[in-house]
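Each chain is listed here by its residues.
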Amino acid sequence: MDNTMRTRLEGMLEREAEINELMMDQAVLSDSKRLAKLGKEQASMQQTLSVYRQFLESEEFFNQAKEMLDMGDAELAEMAELEISEHEEKMTKFIDELQVLLIPKDPNDSHDAIIEIRGAAGGDEGNIFAGDLYRMYSRYAESLGYKYEVIEASTAEAGGFTQISFLIKGEEPYRHFKFESGSHRVQRVPKTETQGRIHTSTATVLVMPDVEEEDVDINPNDLVIETHRATGAGGQHVNKTDSAVRITHTPTGISVNCQDGRSQHANKDKAMQLIRARIFSHLEEEKMKEQSAERQSKVGRGDRSEKIRTYNYPQNRVSDHRIGLTLQKLDIIMEGKLDEIVAALLAEEQKEVLAQGR
């Protein structure tokens, strides 16, 4: 193992010990946000440090075997040679694993994720498909042990949603959902189709990291905050109190409207959470556009207009156009079994990072 890698790993061990101390500090224990942030940082290092500790154990056995070899005892030397060979092989394997684990990660991976789905082309069928995607993502979230909650939603008369935004909480949700941003196309026979013809409809998905106030610079003077009466389903407060909150960021024109909370205060908190995420994603997308074409990711995310995937119901087929992946298991995938697709996209991202030498 070279010195650069060892220094980096030793630094991670020191940081882990520092976090362990901090998490026993009363000031940290009383600050739930800071405690959660430290917990996520700690969790993000565990896999790497576990492999490093196994490497250190093998290295210790390797060094002990080398000492035995120098003792001049023929029987001990034979045992030592076997030990050296075994642990040399293990150490090489651990170093290979660590090289992959130490590839720079997307700094947003550890964030919770906010997903926004909108019915697009296809009218009612696009909205119904938006509802199908919401169900697929919520089931995938459940399979990963994540919790999710709706931030805002507009149901469609024929079913599904014209728009729905929801938050997914857990360990690295953004890492597992970030590649879903883009236009999703469905090919199937709609329930309203009397002649059995296949229609093509779309829904758009935008996945954003749930960022803290310190992660994005927003001038409070750039926000226009309005209250109004909620409309549609929503409980006793509907049409009786100005509980709904609309926030507009004037420099970008980004606007959010939240009315599903129990109070104006709850809706304002949700609206602020959502507008922070949208502004952050907007700024990130602008940065990506400034990058040279060869450094832009093949599995790029953030552009809602990019057609990323087709769901063909008659042929039970899903095709991800970015990486040329086609699976004949649409029925399973729509039940939230997205692991194979996500793993392939993460592998492609890893290849790109290695190729770029970052």
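See the structure shown above.
Remember, predicted model here, so these are calculated numbers, not experimental data. For every chain, the first residue of its written sequence is number 1, and the numbers climb from 1 along that sequence. Where local features are concerned, this predicted model is filtered to residues with pLDDT of at least 70; where side-chain atom pairs are given and counted, the filter is 80 or more; whole-chain, interface and lining totals use all residues. Note that the side-chain values use all heavy atoms of the structure and ignore hydrogens as well as water.

Novice: Now, about helix α1 (residues 3–22): what can you tell me, with residues and values included?
Specialist: Secondary structure elements are taken from DSSP: a helix is a run of H or I of four residues or more, a strand is a run of E of two residues or more, and numbering for both begins at the N terminus. Any helix carries an expected span of 1.5 Å times its number of residues minus one. The first and last C-alpha atoms of α1 sit 28 Å apart over 20 residues, in line with the 28 Å expected at 1.5 Å per residue. With a 1.4 Å probe rolled over the protein chains alone, any residue whose accessible area is under 20% of its type maximum counts as buried; one over 50% counts as exposed, and the rest are partly exposed. Looking at α1, one finds that the buried residues are Met5, Leu9, Met12, Leu13, Glu16 and Ile19. The buried residues of α1 occupy one face: seen down the axis, they fall within an arc of 125°. With respect to the buried face of α1, the exposed residues turned more than 90 degrees away are Asn3, Thr4, Thr7, Glu14 and Glu21. Two residues qualify as a contact provided that any one of their heavy atoms is within 4.5 Å of a heavy atom in the partner residue. Against α3 (32–69) and α4 (74–101) lie the buried residues of α1. In protein, a polar contact requires one atom able to donate a hydrogen and another able to accept it; more generally it is a pair of N or O atoms within 3.5 Å, and residues adjacent in sequence count only if both atoms are side-chain atoms. Of the residues that open α1, the one with a side-chain oxygen 3.2 Å from the backbone nitrogen of threonine 4 is aspartate 2. The arc under discussion is defined with respect to the helix axis, by the directions toward the C-beta atoms.

Novice: Account for the side chain of histidine 87, with residues named and values stated.
Specialist: Mapped onto the elements of the fold, histidine 87 is located in helix α4. Excluding residues within four positions of it along the chain, histidine 87 makes contact with Ser58, Phe61 and Phe62.

Novice: Any chance you could break down the packing of aromatic side chains for me, citing the residues and the numbers?
Specialist: Put simply, two rings from Phe, Tyr or Trp (the six-membered ring, in Trp's case) pair if the centres are within 6.5 Å, and we call them stacked under 30 degrees between planes, edge-to-face over 60, tilted for the rest. Tallied over the entire structure, the rule returns seven aromatic pairs. Plain terms: the ring middles of phenylalanine 129 and tyrosine 311 are 5.3 Å apart, the flat faces sit at 70° to each other, and that makes the pair edge-to-face. Placement of the pair is phenylalanine 129 in helix α5 (residues 124–143) and tyrosine 311 in strand β9 (residues 307–312), with a sequence separation of 182 residues. On the accessibility criterion, phenylalanine 129 (0% relative accessible area) is buried. Residue class for tyrosine 311 comes out buried when judged on its relative accessible area of 0%. When the ring of tyrosine 134 is compared with that of phenylalanine 161, the centres are 5.7 Å apart and the planes differ by 80°; the resulting orientation is edge-to-face. Of this pair, tyrosine 134 sits in helix α5 while phenylalanine 161 sits in strand β3 (residues 161–169), placing them 27 residues apart in sequence. With respect to class, tyrosine 134 is no different from phenylalanine 161; both count as buried. By the ring-pair criterion, three or more aromatic residues cluster together here, those being Tyr134, Tyr148, Phe161 and Phe166.

Novice: Any chance you could break down the pattern of salt bridges for me, citing the residues and the numbers?
Specialist: Salt bridge, as applied in this entry: a Lys or Arg side-chain nitrogen positioned within 4 Å of an Asp or Glu carboxyl oxygen. What the rule picks out here adds up to 22 salt bridges. When the shortest N-O distance is used, the salt bridge between lysine 178 and aspartate 109 registers 2.7 Å. Here lysine 178 is found in the loop between α6 (173–177) and β4 (182–188), whereas its partner aspartate 109 is found in the loop between α4 and β1 (113–119), with 69 residues between them in sequence. In this structure, lysine 178 and aspartate 109 share a single accessibility class: buried. Salt-bridge contacts for lysine 329 lead to glutamate 340; the nearest nitrogen and oxygen are separated by 2.9 Å. Here the residue lysine 329 occupies a position in the loop between β11 (325–327) and α8 (330–333), and glutamate 340 occupies one in helix α9 (residues 339–356), the gap between them amounting to 11 residues. Taking relative accessible area as the criterion, lysine 329 reaches 29% and is therefore assigned partly exposed. The structure contains a network of salt bridges with shared partners spanning Glu116, Arg118, Glu152 and Arg278.

Any link to function would need more than the numbers given here.
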